[in-house]
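Observations on the model geometry
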Amino acid sequence: MRFHVLTLFPEFFSSPLRQSIIGRAIEKGILTVSLHNIRDYAEDKHRTVDDTPYGGGAGMVLKVEPVVNCLEAVRKKTTADKTLTILTTPQGVRLEQKLVEKLAEYQELIILCGRYEGIDERIRAFVDMELSIGDYILTGGEIASLVIIDSVGRLVPGVVGERDSLKSESFADGLLEYPQYTRPVEFRGMRVPDVLLSGHHERIREWRRRESLKRTLERRPDLLEKAELTEEDRRFIKELTEKD
Ligand code: SAM
């Protein structure tokens, strides 16, 4: 899968994209991240990319021409049938695991990083989707792009070694993940639950499912409304809520 990132700060990406799972996937060629400097597409000799807002007000606005020139140049280079252009913005749809899964079906994603006080409104006409990583304001879209690359990239086959681990993760089936432990069995009086040491696969599966339901009910009850639940799950949740 290929990501194109349109940014004013290509160097921002050099360290994060070299690390760990994503770094290795890039090295192996399973993922490709192409960085495009928006400033290279400015139209004047000073390579201006921002200007003051019409109507007055604080801050600068990212200009439309360099961004659209850059976008069009990148689109000419894309070969994939399935390409999507994303604008990072706090005003976009919120990135959630279900959307991450949909984005992983594309062969190429073009991600535009905003900066300054905002972008010229006319840029919006040139993108397919506006995406926010949460209800807070970042200084620029670079961190949001990295969040997209990391969350989407790890779903691409071959990126995460054991694909089974993806199935049990938080949000994968609409629930939070169960608690995990590793050695030692006891640390400062805190013991690993006996069931996990029992080697009894069915009991372990049942314990994990129940812990997952319990944790979701405690921390994110909103998720239960959309989660895929069995009759047994519903009975267990009812028991838990009646206990309180
Ligand atoms: N004034 C803008 C507004 O209120 O919508 C915010 C501009 S923000 C300082 C600069 C850039 O950071 C945005 O254009 C966007 O690319 C990026 N950004 C900021 N917060 C974001 C978020 N929560 N999700 C995605 N991108 C974000």
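To be clear, the structure that these remarks concern was listed above.
Residues numbered from 1 in each chain as written. Predicted model: local features only at pLDDT ≥ 70, side-chain atom pairs only at ≥ 80, totals over all residues. Heavy atoms only, no water.

Two elements in contact, helix α7 (residues 201-219) and helix α9 (residues 231-243), have axes whose closest approach is 10 Å; the angle formed by their N-to-C orientations is 50°. By the angle between their directions, the pair α7 and α9 is classed as oblique. Every pair of crossing elements has a handedness; the one defined by α7 and α9 is right-handed. Taken together, the residues of α9 that come into contact with α7 (itself represented by Arg209, Arg210, Leu213, Lys214 and Leu217) are Glu232, Asp233, Phe236, Ile237, Leu240 and Thr241. (Axes fitted to C-alpha atoms, helices over the stretch in contact; angles between N-to-C directions. Helix = DSSP H or I, 4+ residues; strand = E, 2+ residues; numbered from the N terminus. Parallel < 35°, antiparallel > 145°, perpendicular 65-115°, else oblique. Left-handed = near helix turned anticlockwise from the far one by under 90°. Contact = heavy atoms within 4.5 Å.)

Moving on, we come to α7. Look at α7: 27 Å from first C-alpha to last across 19 residues, which is about the 27 Å you get at 1.5 Å a residue. Every buried residue of α7 is listed here: Ile204, Trp207, Glu211, Ser212, Leu213 and Thr216. Looking at the packing, one finds that the buried side of α7 touches α6 (194-197), α8 (221-224) and α9. (Expected span 1.5 Å × (residues − 1). Buried < 20%, exposed > 50% of the residue type's maximum accessible area, 1.4 Å probe, protein only.)

Quick look at the site of the ligand now. The environment of the ligand is made up of 19 residues, and the closest members are Thr88, Gln91, Gly114, Glu117 and Tyr136. In this structure, Gln91 approaches the ligand through a side-chain N or O atom, which is 2.9 Å from an oxygen atom. If you list the elements that add at least two residues to the shell around the ligand, you get β5 (83-94) and β8 (129-132). Per-element tally for the shell around the ligand: the top contributor is β5, with four residues. Its residues assigned to classes, the shell around the ligand shows eight nonpolar, nine polar and two charged. (Near = heavy atom within 4 Å. Polar contact = N/O pair within 3.5 Å; in protein donor to acceptor, adjacent residues only side chain to side chain. Nonpolar A, V, L, I, M, F, W, Y, C, P; charged D, E, K, R; others polar.)

Moving on: the pattern of salt bridges. Scanning the entire structure with this criterion turns up 17 salt bridges. With its nearest N and O atoms 2.7 Å apart, the salt bridge here joins Arg122 to Asp120. Here Asp120 falls in the buried class, since its relative accessible area comes to 16%. Salt-bridge contacts for Glu211 lead to Lys214; the nearest nitrogen and oxygen are separated by 3.3 Å. Here Glu211 pairs with Lys214, and both are found in helix α7, just three residues apart, close to one helical turn. Of the residues examined, Glu211 reaches a relative accessible area of 17% and is grouped as buried. Classification of Lys214 as partly exposed rests on a relative accessible area of 29%. Each of Glu121, Arg124 and Glu130 takes part in one network of salt bridges that share partners. (Salt bridge = Lys/Arg side-chain N within 4 Å of Asp/Glu carboxyl O.)

Of the pairings in the sheet, the one linking β5 to strand β6 (residues 108-112) comprises five bridges and is parallel in character. For Leu87, the partnering residue across the bridge sits in β6 and is Leu112. Handedness of the crossover is the feature at issue here: the chain leaves β5, passes through helix α3 (residues 97-103), returns alongside β6, and the resulting connection is right-handed. Strand direction decides the pairing type here: β5 and β8, joined by five bridges, are parallel. Its bridge partner lying in β8, Val93 is registered against Leu131. (Pairing = 2+ DSSP bridges. Right-handed = clockwise from strand over helix to strand, strands pointing away.)

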